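Descriptive structure summary
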Amino acid sequence: MTKKDIEERKFRPAREEAHDARNNAGTPQTQSAAYRLAFQDTEFLLREDLRPVRFQLELLKPQLLMDEAQIESTFVFYGSARIPEPDQVQARIDAAATPEQKRIAENLGAKARYYEEARALARISAQYPVAENGGRHFVVCSGGGPSIMEAANRGAIDVGQTTIGMNIVLPHEQAPNRFVTPELSFQFHYFALRKMHFLLRARALAVFPGGFGTFDEMFELLTLIQTGKMKPIPILLFGKDFWNRVVDFEALADEGVISHADLNLLTWVETAQEAWDAVQAFYHVDAAGAEQA
């Protein structure tokens, strides 16, 4: 008999208690919010004082569900929510109402090939062999949104595999892309907890052209590795021309605010196959998916 079996026999399950608690006598006392079970009282859980509890819940829920799904490691995809897939490029350019809108549509359209590269890389990653104990590695994980994130989840679905989406509540209405596996579709309130879950299981990370969110996520990872808070993993940057235009990495090193050795944390790639080859080289993985000593 397991410890869980003993505890379940000793104590009545909380699920049953919660069900019975809803069937109260209807007196002024039982109708008061004070009488509700604490874990059934949403207004109580949303109090400012309960923020540490909400942090813990937001850490635990995805952790437990991914443990149950036997997800041992992930391949995380970061990138813009605005880059269109190739067959939408011309329609967006044609829909532009001003020269400025047209310029932006053309700039984003020029990056549409990265949608296909993200999708192709996800297809490769999603087919990584399942371990003998049932553990799954390099499971495709994205922010659950559109564009590059959609492409990643879509690539995993292309080959019949499950895929993770980590969405976040935003002021404007939005929903996870349709390719996220429903049982692995998570919603976060705290950016910090979302970013932690991106990295807790990450075994490789692909970064595509993107804006503030992509910068935030990428530089946090670089900082964690640079400071020794996290072991190195492959960080694959797609679009060297884009990144060197918007961030002068060499200048950071030349100015002395980072070391030149820190630049080795980045691996420049342009295609899905280049990215996967770099991951295999990092982990010394052979063609069958076995890691070499």
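Here the structure is shown first, and the text comes after it.
One structure accompanies this document, and this report is about it. From a predicted model like this one, the values you see are computed outputs, not experimental measurements.

**Side note on the sheet that holds strand E4 (residues 185-188)**
- Read from one edge of the open sheet, seven strands run E4-E3-E2-E1-E5-E6-E7, paired in parallel fashion. Unpaired on one side and paired on the other, E4 and strand E7 (266-269) mark the two borders of the sheet. Within the sheet, the average angular offset between the axes of one strand and its neighbour, ignoring direction, is 25°.
- Taken together, the three bridges between strand E1 (residues 74-78) and strand E2 (residues 139-142) define a ladder with parallel strand orientation. Opposite Thr74, over in E2, you have Val139 as the bridge partner.
- Across the sheet, helix H5 (residues 51-68) is in contact with strand E3 (164-168) and E4; its angle to E4 comes to roughly 170°.

**Points about the nonpolar core**
- Core analysis: the largest hydrophobic core is formed by 62 residues, its most contacted members being Phe75, Phe77, Leu121, Ile164 and Phe238.
- Broken down by element, this core gets its largest block of residues, seven residues, from helix H8 (residues 113-126).

**Considering unusual backbone geometry**
- Positioned with a positive phi, Gln70 is a non-glycine residue whose angle comes to about 60°.
- Here Gln70 is to be found in the loop between H5 and E1.
- On the accessibility criterion, Gln70 (40% relative accessible area) is partly exposed.
- Despite not being glycine, Phe138 shows a phi value in the positive range, around 55°.
- Along the polypeptide, Phe138 turns up in the loop between H8 and E2.

**Notes on the packing of H8 against helix H9 (residues 148-158)**
- Contact geometry for H8 and H9: axes closest at 7 Å, N-to-C directions at 40°. For the element pair H8 / H9, the angle class is oblique. Every pair of crossing elements has a handedness; the one defined by H8 and H9 is right-handed. Seen from H8, the contacting residues are Tyr114, Tyr115, Ala118, Arg119, Ala122, Arg123 and Ala126; seen from H9, they are Ile148, Glu150, Ala151, Ala152, Arg154, Gly155, Ala156 and Asp158.

**Some words on the side chain of His197**
- For His197, the location among the structural elements is in helix H10 (residues 191-200).
- Ignoring anything within four residues of it in the chain, the contact list for His197 reads Glu58, Leu59, Pro62, Gln63, Met66, Met166 and Phe188.

**A word on a nonpolar patch on the surface**
- A surface patch of nonpolar side chains, amounting to about 250 Å² of accessible area, comprises Leu59, Met196 and Leu200.
- The topology assignment puts Leu200 in helix H10.
- Classification of Leu200 by relative accessible area gives partly exposed; the value is 47%.

**Quick notes on the pattern of salt bridges**
- Counted under the stated rule, the structure contains 15 salt bridges.
- Notably, a salt bridge pairs Arg12 with Asp20, separated by 2.4 Å at the nearest N-O pair.
- Owing to a relative accessible area of 43%, Arg12 belongs among the partly exposed residues under this scheme.
- Here Arg103 makes a salt bridge to Glu100, at a shortest N to O gap of 2.6 Å. Taken together, the residues Arg103 and Glu100, both in helix H7 (residues 99-109) and three residues apart, mark about one turn of the helix.
- Residue classification places Arg103 among the partly exposed residues on the basis of a relative accessible area of 39%.

**With respect to the pairing of E3**
- Of all five residues that make up E3, five are buried, and the element is covered over most of its length.
- Along E3, one buried face is formed by Ile164, Met166 and Ile168 and the opposite face, lined by Gly165 and Asn167, is buried too.
- Regarding topology, H9 serves as the crossover connection from E2 to the parallel E3, and that connection is right-handed.
- Taken together, the four bridges between E3 and E4 define a ladder with parallel strand orientation. From the neighbouring strand, Asn167 faces E4, where its bridge partner is Gln187.

**Some remarks on the packing of aromatic side chains**
- In total, this model carries 18 aromatic pairs according to the counting rule given.
- Between Phe55 and Tyr190, the ring centres sit 4.3 Å apart and the planes meet at 45°, which makes this aromatic pair tilted. Note that Phe55 is positioned in helix H5 and Tyr190 in the loop between E4 and H10, a separation of 135 residues in sequence.
- On the numbers, 4.8 Å between centres and 65° between planes, the contact of Tyr128 with Phe138 is edge-to-face. Of this pair, Tyr128 sits in the loop between H8 and E2 while Phe138 sits in the loop between H8 and E2; the two residues are 10 residues apart in sequence, bridging distant segments of the chain.
- Residue classification places Tyr128 among the buried residues on the basis of a relative accessible area of 12%.

About the thresholds
Residues numbered from 1 in each chain as written. Predicted model: local features only at pLDDT ≥ 70, side-chain atom pairs only at ≥ 80, totals over all residues. Heavy atoms only, no water. Pairing = 2+ DSSP bridges. Helix = DSSP H or I, 4+ residues; strand = E, 2+ residues; numbered from the N terminus. Axes fitted to C-alpha atoms, helices over the stretch in contact; angles between N-to-C directions. Contact = heavy atoms within 4.5 Å. Core = buried A, V, L, I, M, F, W, Y, C linked by side-chain atoms within 4.5 Å. Buried < 20%, exposed > 50% of the residue type's maximum accessible area, 1.4 Å probe, protein only. Parallel < 35°, antiparallel > 145°, perpendicular 65-115°, else oblique. Left-handed = near helix turned anticlockwise from the far one by under 90°. Patch = residues over 30% accessible without salt bridge, like charges linked within 9 Å, V, L, I, M, F, W, Y side chains within 5 Å. Areas by Shrake-Rupley, 256 points an atom, 1.4 Å probe, with all protein chains shown as cover. Salt bridge = Lys/Arg side-chain N within 4 Å of Asp/Glu carboxyl O. Right-handed = clockwise from strand over helix to strand, strands pointing away. Phe/Tyr/Trp six-rings, centres within 6.5 Å; stacked < 30°, edge-to-face > 60°.

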